[in-house]
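These are the residues of each chain, in order.
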Amino acid sequence: MNRALEVLATGPLTLVEDLGRPGYAAVGVPRSGAADRAAYLLAGRLLGEPVGRAALECTLGGLVVRARGSLTVVVTGAPAPATLDGRPVGHAAPLHLPEGAVLALGMPPTGLRAYLAVRGGIDVAPVLGSRSTDILSGLGPAPVRSGALLPVGEPGPGGPSVDVAPVAAPPGGAVTLRLTPGPRLDWIAQARRLVDTPWIVSSRCDRVGVRLGGPALARAAAWADAELPSEGVVRGAVQVPADGRPIVFLADHPVTGGYPVVAVVEAADVDRVAQCRPGQPVRLAWTPAWP
Amino acid sequence: MASSADRPGLAPARVLPCGEAAVLVEVADTRSAIALARQADARRRAGSERPGDPWALVGEVVPGERTVLVVLAGPAGLRAVRSDLAALAAVVTAGSAAETTQVGPLEELLEIDVVYDGPDLAVVARHTGLTVPEVVAAHTGRPWTVGFTGFAPGFGYLVDGDPRLTVPRLADPRPRVPAGSVALAGGYSGIYPTASPGGWQLIGRTSAVLWDSDRRPPALLRPGLRLRFRAVGEPA
C-alpha cells in the first residue's frame, strides 16, 4: 500500500517544511524552510535520511497522526510529550509506527516548534524545489488540515543508527542571543541599549519574525527623519521599525525591507529564538569573537 | 528619487557588515546597484564551477534600491567575497559615473499592455497636477527599469520613470488589491503579481502574468529588466 501519514488533528499550526527555496530572493521569494533548522536537521540525521526531506513543523503540540503502512519517525525540537497508541515514547528517539498506529504530540513544556520527521519524507508537490510552506509569500503547500493524507516518499538507503540524541530542550527562561553588528547600527541612538535592555518576546511572533517588547530604541539624530531605501534582509536580521521595537527575522522574512537592520543574530541562535514563546525574556549580546 | 539625476561625483561604495554569512554593499544609486548585482551574479556563476572558489558558497545576490546584499551558506569565504565585492563596486561606481546614457547596459524592452482605469487615477492626477490623460502619457512615455524586488514573489520596484509621477502611499491600505493592478507610490511604479493587501495608488490593470510558480523562470520581472507600459482598451 502507499505509505502515508493520516492527520487526525493539527494543533494550532502544523506546516510542511524542509530547507526552503534558496536562490530566488532576487525575484522576491523568501527562502523559508524550517524555523528551527538545527532541530529539523537533527530529525533527518536521526532517521539516517538524505538532507532536505520534508517534515512536519508543529507549533505548540496537538498534532495527531495515524500511520498508513509501516513508518519510521522521530520527533525533535520542542519536547512535545509524544504517545504511541497512548503509551509515552521518547523525544529525539527514532521509533517504528506499525500500520494503523497513532502518534500524538502534546503541548511541549518549553519551546514552540516540534518537528515530526518520517523516513522517506513528506512527499507533497514541491514548489520551486521546496515543499516548505512560506506564510509570507503564500508559496508551498497550504497549512496541514485535519483529515489530510500526507504521502510519504521512498526512504533512502540506511536507517537510524542511534537510539536517542541527548539534546537539551529549548529553555523556558531567559535566552541570550549572540549578535554581530548590522549594516545600519548607526541609525539608532545609544546602540548599547540594544544589549543593555531586558527584552520580552511579544505576542507578535510568527515564522516571519519575532517582535521584542521593551522600551523603544530611538533613532540617532543624524537619521531622525530619514527613510532607508529598501535593501536586502537576511535571516536573523534585527530590524528596528518606526515604533523602535526590534524584530528578529526568521525563515519567512521579507527579501527586502525599508527599516534599518542594526544587528544580525548568529545562525545557531536564530534557531533558539524560533523556539521562544511570547512572554519569554531575551537578552541580546554582541558576539565576543567578532573582529 | 530612486536614482540620482546627477551622474558625476558618485559617492564611493561602502561595504557594510551583515552578520556572519552576508555582506551589504552600498552604492550611489539604483543603476549602480543593478550593475553591481549583475557583476556579483556573474562572479557567483563562474565560481560555482570552480571547486574551492569562495563564490561557490554564495547563495543569494539581492539588489536593493542602493545596495547589493550577498548571502553565503555560512561564515566560510566571507572575507574573500567581501574584498572581491569591494573591488567590483569600485569598478562599477567608476563605470557608472562615466556613463552618459540614461540607462545602463540594455537588454530587451518588455512591453506591458495596461487598461488605465484604476480607482486612484483621479487622485494621482490631482496630486501630480496633471490631467488623467497626462498621467497615462507620463506613465507610458518612457521606459521603466526593474530596480529591485520584494513585497511578494514577482513584484518589482520600477524606477527611472517620469519623476512627476511621485505620489504618496494610501493612508489606509486596501485589504485586497487584484492581481495585475498597476500602481504608483513614492516615485516607483509596480504591478501586483497576486491578489494581496496593498497601499499603492492604483492607476490601471494588466493581464500580464507577473508570477507563475510552474513557469521557468517563474517571475516575469527581474532586476535590470526594462519595460514600457502601453495604454490599451480592454485586454483580449
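Refer to the structure presented above.
Residues numbered from 1 in each chain as written. Chains lettered and ligands numbered in written order. Predicted model: local features only at pLDDT ≥ 70, side-chain atom pairs only at ≥ 80, totals over all residues. Heavy atoms only, no water.

**Describing the overall build of chain A**
Counting secondary structure elements, chain A contains three helices and 20 strands. Computed over the C-alpha atoms, the radius of gyration of chain A is 20 Å, within 12% of the 19 Å expected from 2.2 N^0.38 for a compact globule of 291 residues. Overall, the C-alpha framework of chain A stretches about 65 × 40 × 35 Å when taken along its three principal axes. Within chain A, the fraction of its 291 residues that count as buried is 55%. Put simply, of all contacts in chain A between residues at least 6 apart along the chain, 78% involve residues at least 24 apart. Just so you have it, chain A exposes about 10900 Å², and 58% of that area is on carbon and sulfur atoms. Across chain A, 26 positive and 23 negative side-chain charges occur, with their mean positions spaced 2 Å apart. (Helix = DSSP H or I, 4+ residues; strand = E, 2+ residues; numbered from the N terminus. Rg over C-alpha atoms; globule rule 2.2 N^0.38 Å. Buried < 20%, exposed > 50% of the residue type's maximum accessible area, 1.4 Å probe, protein only. Contact = heavy atoms within 4.5 Å. Areas by Shrake-Rupley, 256 points an atom, 1.4 Å probe, with all protein chains shown as cover. Lys, Arg positive; Asp, Glu negative; His and termini not counted. Charge placed at Lys NZ, Arg CZ, Asp CG, Glu CD.)

**Overview of the side chain of Gln201(B)**
Residues and elements named next belong to chain B. Mapped onto the elements of the fold, glutamine 201 is located in strand β12 (residues 201-205). A distance of 2.9 Å separates a polar side-chain atom of glutamine 201 from the backbone oxygen of proline 168. Setting aside its immediate chain neighbours within four residues, glutamine 201 contacts Asp120, Val123, Val124, Val167, Pro168, Arg169, Leu170, Val182, Ala183 and Leu184. (Polar contact = N/O pair within 3.5 Å; in protein donor to acceptor, adjacent residues only side chain to side chain.)

**So, unusual backbone geometry**
Each neighbour pair has its own omega, and for Arg216(B) with Pro217(B) the value is -5°, a cis peptide bond. Structurally, Pro217(B) is set in the loop between β12 and β13 (226-231). One non-glycine residue, Leu60(A), adopts positive backbone phi at about 60°. Note that Leu60(A) resides in the loop between β3 (55-59) and β4 (63-68). Its relative accessible area of 28% is what places Leu60(A) among the partly exposed residues.

**Focus: the pairing of strand β4 (residues 67-72) of chain B**
Residue and element names in this part refer to chain B. Burial within β4 is extensive, with six of its six residues counted as buried. Sheet topology places strand β3 (residues 58-63) next to β4; five bridges connect them, and they run antiparallel. Following the sheet pairing, proline 63 is matched in β4 by valine 68. The turn joining β3 and β4, which pair antiparallel and follow one another in sequence, is formed by three residues. (Pairing = 2+ DSSP bridges.)

**Points about the sheet that holds β3(A)**
Residues and elements named next belong to chain A. Taken in spatial order, the five strands of this open sheet run β2-β3-β10-β5-β8, and their pairing is antiparallel. Each edge of the sheet is formed by a strand with only one pairing partner; in this case those strands are β2 (13-17) and β8 (95-97). Neighbour-to-neighbour, the strand axes of this sheet turn through a mean angle of 30°, independent of strand direction. Here four bridges tie β3 to strand β10 (residues 113-118), and the two strands are oriented antiparallel to one another. Directly across from cysteine 58, in β10, lies its bridge partner alanine 114. (Axes fitted to C-alpha atoms, helices over the stretch in contact; angles between N-to-C directions.)

**What to know about the pairing of strand β13 (residues 199-205) of chain A**
Residues and elements named next belong to chain A. Bridging between β13 and strand β20 (residues 281-286) involves two bridges; their strand directions are antiparallel. Considered in β20, the bridge of isoleucine 200 is made with proline 281. Two strands pair when backbone bridges link them, and β13 and strand β14 (residues 209-213) are joined in this way by three bridges, in the antiparallel orientation. Counted as the bridge partner of cysteine 205 is valine 210 from β14. Hairpin connection of β13 to β14: three residues between the antiparallel strands.

**With respect to the pattern of salt bridges**
Any two side chains of opposite charge can pair, given that their charged atoms come close. Considering all chains together, one arrives at 28 salt bridges over all chains under this definition. Among the ionic contacts, a cluster of salt bridges with common partners joins Glu17(A), Glu57(A), Arg113(A), Arg207(A) and Asp252(A). (Salt bridge = Lys/Arg side-chain N within 4 Å of Asp/Glu carboxyl O.)

**Re the interface of chain A and chain B**
At the junction of the two partners, chain A supplies 30 residues and chain B supplies 35 residues. Between chain A and chain B, roughly 2500 Å² of surface is buried when both sides are summed, and carbon and sulfur atoms account for 62% of that area. For the chain A face of the interface with chain B, the top three residues by lost area are Ala26(A), Val27(A) and Pro183(A), together amounting to 19%. At the boundary of chain A and chain B, one finds one salt bridge. With its nearest N and O atoms 2.7 Å apart, the salt bridge here joins Arg184(A) to Glu26(B). Here chain A and chain B share 11 residue pairs in polar contact (both at pLDDT 80 or more) between them. Those elements that place two or more of their residues in the side of chain A that touches chain B are β12 (175-181) and β15 (231-232) of chain A. Per-class residue counts for the side of chain A that touches chain B are 19 nonpolar, eight polar and three charged. (Buried area = accessible area lost by both parts, 1.4 Å probe. Nonpolar A, V, L, I, M, F, W, Y, C, P; charged D, E, K, R; others polar.)

**A look at the sheet that holds strand β1 (residues 14-17) of chain B**
Residue and element names in this part refer to chain B. Within the open sheet, the four strands sit side by side as β1-β2-β4-β3. Their pairing is antiparallel. This sheet does not close on itself; its edge strands, each paired only once, are β1 and β3. Averaged over all pairs of adjacent strands, the angle between strand axes in this sheet comes to 20°, irrespective of strand direction. The strands touched by helix α1 (residues 30-48) are β2 (22-26), β3 and β4; relative to β3, the strand with the most contacts, the crossing angle is about 165°.

**Here we look at the side chain of Ser181(B)**
Residues and elements named next belong to chain B. By the element assignment, serine 181 lies in strand β9 (residues 181-185). Look at serine 181 and you get buried, because its relative accessible area is 6%. With residues near it in sequence (within four places) discarded, serine 181 still touches Gly190, Ile191, Tyr192, Leu202, Gly204 and Arg205.

**Considering the packing of aromatic side chains**
All names here are of chain B. With the rule as written, the count across this model stands at 11 aromatic pairs over all chains. Each ring, one from phenylalanine 151 and one from tyrosine 192, has its centre 5.7 Å from the other, and the planes form 85°; the classification is edge-to-face. With phenylalanine 151 in the loop between β6 (144-150) and β7 (152-159) and tyrosine 192 in the loop between β10 (188-191) and β11 (196-198), this pair connects stretches of sequence that are 41 residues apart. For phenylalanine 151, a relative accessible area of 40% puts it in the partly exposed group. Seen from their ring centres, tyrosine 188 and tryptophan 200 are 6.2 Å apart, and the 10° between their planes marks the pair as stacked. Of this pair, tyrosine 188 sits in strand β10 while tryptophan 200 is found in the loop between β11 and β12, placing the two residues 12 residues apart along the sequence. Overall, tyrosine 188 belongs to the buried group, its relative accessible area being 6%. Exposure remark for tryptophan 200: the relative accessible area of 4% places this residue in the buried category. (Phe/Tyr/Trp six-rings, centres within 6.5 Å; stacked < 30°, edge-to-face > 60°.)

**Observations regarding the nonpolar core**
Residue and element names in this part refer to chain A. Of all hydrophobic cores here, the largest spans 39 residues; its most connected members are Leu179, Leu212, Val282 and Leu284. Here the element with the most residues in this core is helix α1 (residues 37-46); it accounts for five residues. For leucine 212, the contacting residues outside a window of four places in its chain are Trp199, Ile200, Val201, Arg245, Pro246, Val248, Val282 and Leu284. (Core = buried A, V, L, I, M, F, W, Y, C linked by side-chain atoms within 4.5 Å.)

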